[in-house]
Amino acid sequence: MLSAQMRILTLETTCDETAAAIVTDQLEVLASIVASQDDLHARFRGVVPEIAARAHVERILPVIDQTLQQAGMKLCELEAIAVANTPGLAGSLLVGLMAAKTLSLTLGIPLVAINHLHAHIYACRISSGREIFPCVGLIVSGGHTSLYRCAGPLEFHLLGGTIDDAAGEAFDKVANMLGLPFPGGPEVSRVAQTGDPQAFQFPRSFLKDPERLEFSFSGLKTAVRYQIASPDCKDLSTVKLEPQRIADLAASFQEAVVDCLVGKSLQALETTGLKRLCVGGGVAANQRFRTRLAEVAKKHQFDFLIAPLELCTDNAVMGAIAFERLQAGLVDGLDLDVAPGLVRK
Ligand code: KG4
Ligand code: ZN
């Protein structure tokens, strides 16, 4: 006889996606709903935290309802509630956490905290269906660019991260400068397809320093800015760029980001002696990046896993990492708080 599977509800409200999923302890996905807020933030060309938090308040209950419907389940059939409580926007995190605490308290089932960055890496575990630890984990998203030594699902040690902009943030800002809509990552990579990645030689910070497992994208962003117009131009929206120049700038910028991400990943593998790289986060959806990583993995013969496209950008399925805590007997109390900043461990 088959033993009954444990089913949990996972919630994700760290930034501007309101997401819920129901997953089993066999990492089977019974339902997944993601309500994007891109339309609300597009006219500001970036995520506005207060708008994000208010939108989460409006959407969280309908999203949970839809998720239950998709799974054909009732609330009383859930065995735990997991929620991403770190890192992220404080107001956004609070909405998910309060919903999760309320469900945990009223249903009398355990509450489990999820680290959003660890969950991005765990997306590789869910999609591959095989063991991924130990590995070097690279998270490339709108808010973070971080390398971890992941000894196990509950043991993530930060090797280094960005000292200024995150990779996705740089994509979004460069898209804005080029007059492309938000979110900028998919737009920059779309126009880059017809551009020359060697047209401009943009900086690749720290790339030649293997000791330094850090990233910096602000100099790169500034270099793109000065190719668009002279420093005394105060309003880039008045600058008319030829489509080919936009494509060349986008392709050269993307190549510089990809060089840094790929180069630092290789250096992290060398430093740690690990033979497996797992990559997740919104920027992992970038096709050029995926291709380049696959090429270096083949050349340097390391095991390489990257989240499938639907699990790169924010979603609640990756919150299935909560099972690792549950199985280790770790649950959280109703005094669980949000931790907006990156936890350095
Ligand atoms: O992981 P995510 O959904 O949210 C955060 O946790 O930040 O990542 C969103 C980021 C945005 O900055 C977006 O521009 C970027 O991922 N992104 C991409 C691509 N698709 C999304 N960047 C480059 N190329 C893409 N194809
Ligand atoms: Zn994310």
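Anything mentioned here points back to the structure above.
Bear in mind the structure is a predicted one, so any value in this text is a computation, not a measurement.

Criteria and thresholds
- Residues numbered from 1 in each chain as written.
- Chains lettered and ligands numbered in written order.
- Predicted model: local features only at pLDDT ≥ 70, side-chain atom pairs only at ≥ 80, totals over all residues.
- Heavy atoms only, no water.
- Helix = DSSP H or I, 4+ residues; strand = E, 2+ residues; numbered from the N terminus.
- Buried < 20%, exposed > 50% of the residue type's maximum accessible area, 1.4 Å probe, protein only.
- Areas by Shrake-Rupley, 256 points an atom, 1.4 Å probe, with all protein chains shown as cover.
- Lys, Arg positive; Asp, Glu negative; His and termini not counted.
- Charge placed at Lys NZ, Arg CZ, Asp CG, Glu CD.
- Donors = N, O, S within 2.8 Å, 3.2 Å for Na, K, Ca; no water.
- Tetrahedral: all angles 85-135°; square planar, octahedral: opposite > 155°, others 65-115°.
- Expected span 1.5 Å × (residues − 1).
- Bend = angle between axes of the 7 residues up to and from the residue.
- Contact = heavy atoms within 4.5 Å.
- Pairing = 2+ DSSP bridges.
- Near = heavy atom within 4 Å.
- Polar contact = N/O pair within 3.5 Å; in protein donor to acceptor, adjacent residues only side chain to side chain.
- Nonpolar A, V, L, I, M, F, W, Y, C, P; charged D, E, K, R; others polar.
- Domains from an automatic or database assignment.
- Arc of directions from axis to C-beta.
- Salt bridge = Lys/Arg side-chain N within 4 Å of Asp/Glu carboxyl O.

Caption draft 1: The arrangement of the overall build of the chain in detail. The secondary structure content of the chain amounts to 11 helices and 10 strands. Principal axes of the C-alpha set define a box for the chain whose edges measure 65 × 45 × 30 Å. In the chain, buried positions account for 54% of the 345 residues. Summed over all atoms, the accessible surface of the chain reaches about 15100 Å², with 53% contributed by carbon and sulfur. Positive and negative side-chain charges in the chain, numbering 31 and 38 respectively, have mean positions lying 5 Å apart.

Caption draft 2: Structural detail: the coordination of the zinc ion (ligand 2). Listed as protein donors to the zinc ion (ligand 2) are His116 (NE2), His120 (NE2) and Asp314 (OD); their distances from the metal cover 2.1 Å. What the 4 donor atoms of the zinc ion (ligand 2) show is an angle range of 94 to 148° at the metal, which sorts the shape as irregular. In the primary sequence, the donor residues of the zinc ion (ligand 2) line up as H-x3-H-x193-D. Placement of the pair is histidine 116 in helix H4 (residues 116-128) and aspartate 314 in the loop between helix H10 (309-312) and helix H11 (322-327), with a sequence separation of 198 residues. For the pair shown, histidine 116 and aspartate 314 are each scored as buried.

Caption draft 3: Inspection of helix H2 (residues 49-71) at higher detail. The end-to-end C-alpha separation of H2 is 31 Å, in line with the 33 Å expected for 23 residues at 1.5 Å each. At arginine 59, H2 shows its maximal kink, close to 40°; a proline, proline 62, follows between one and four residues later. The complete set of buried residues in H2 reads Ala52, Ala53, Ala55, His56, Arg59, Ile60, Val63, Ile64, Thr67 and Leu68. Elements that come into contact with the buried residues of H2 comprise strand S1 (7-12), strand S2 (17-24), strand S3 (29-36), helix H1 (38-41) and helix H3 (90-107). Of the residues trailing H2, glycine 72 is marked for its positive phi of about 65°.

Caption draft 4: Spotlight on the side chain of histidine 144. Take histidine 144: it is sitting in the loop between strand S6 (135-140) and strand S7 (145-152). Look at histidine 144 and you get buried, because its relative accessible area is 16%. In contact with histidine 144, other than residues within four places in its own chain, are Pro87, Leu117, Ile139, Ala166 and Leu342.

Caption draft 5: Inspection of the pairing of strand S8 (residues 155-161) at higher detail. Two elements, S7 and S8, share 6 bridges in a ladder whose sense is antiparallel. Bridge pairing in S8 links leucine 147 to glycine 160.

Caption draft 6: Representation of the environment of cysteine 278 in the model. Relative to the helices and strands, cysteine 278 is located in strand S9 (residues 276-280). Owing to a relative accessible area of 0%, cysteine 278 belongs among the buried residues under this scheme. Put simply, cysteine 278 and alanine 251 are 27 residues apart on the chain and 25 Å apart in space, counted from C-alpha to C-alpha. Each residue touching cysteine 278, except ones within four places of it in the same chain, is listed here: Ile121, Cys124, Ile132, Cys135, Val136, Gly137, Leu138 and Leu305.

Caption draft 7: Structural view of the site of ligand 1. Of all residues adjacent to ligand 1, which total 20 residues, the nearest are Gly142, Asp172, Gly185, Gly282 and Asp314. Between an oxygen atom of ligand 1 and a side-chain N or O atom of histidine 120, the distance comes to 3.4 Å. Take aspartate 314: an N or O atom from its main chain is 3.0 Å from an oxygen atom of ligand 1. Surface burial for ligand 1 is 90%, taken as the share of its 560 Å² of free accessible area covered by protein chains. Of all the secondary structure elements, the ones that give two or more residues to the shell around ligand 1 are H4, helix H5 (167-177) and helix H6 (184-192). Sorting elements by how many residues they give to the shell around ligand 1 places H6 first, with 4 residues. Classifying every residue of the shell around ligand 1 by side-chain character gives 5 nonpolar, 13 polar and 2 charged. Both domains that furnish three or more residues to the shell around ligand 1 are identified here as domain 1 (7-121 + 312-327) and domain 2 (129-308).

Caption draft 8: Here's a closer look at helix H7 (residues 218-228). All of the buried residues in H7 are Leu220, Lys221, Val224, Arg225 and Ile228. The buried side chains of H7 occupy one side of the element, clustering within an arc of 145° when seen end-on. In this structure, the buried side of H7 is in contact with H5 and helix H8 (243-272).

Caption draft 9: Up close: the pattern of salt bridges. Applying the stated rule across the entire model yields 14 salt bridges. Taking the shortest distance from any N to any O, the salt bridge between arginine 54 and glutamate 50 comes out at 2.9 Å. With arginine 54 and glutamate 50 both in helix H2 and 4 residues apart, this pair spans about one turn of that helix. Given a relative accessible area of 47%, glutamate 50 falls into the partly exposed group. Aspartate 259 is paired through a salt bridge with arginine 204; the nearest N and O atoms lie 2.8 Å apart. Of this pair, aspartate 259 sits in helix H8 while arginine 204 sits in the loop between H6 and H7, and the two are 55 residues apart along the sequence. Counted as one network, the salt bridges with shared partners bring together Arg204, Glu255, Asp259, Arg288 and Arg292.

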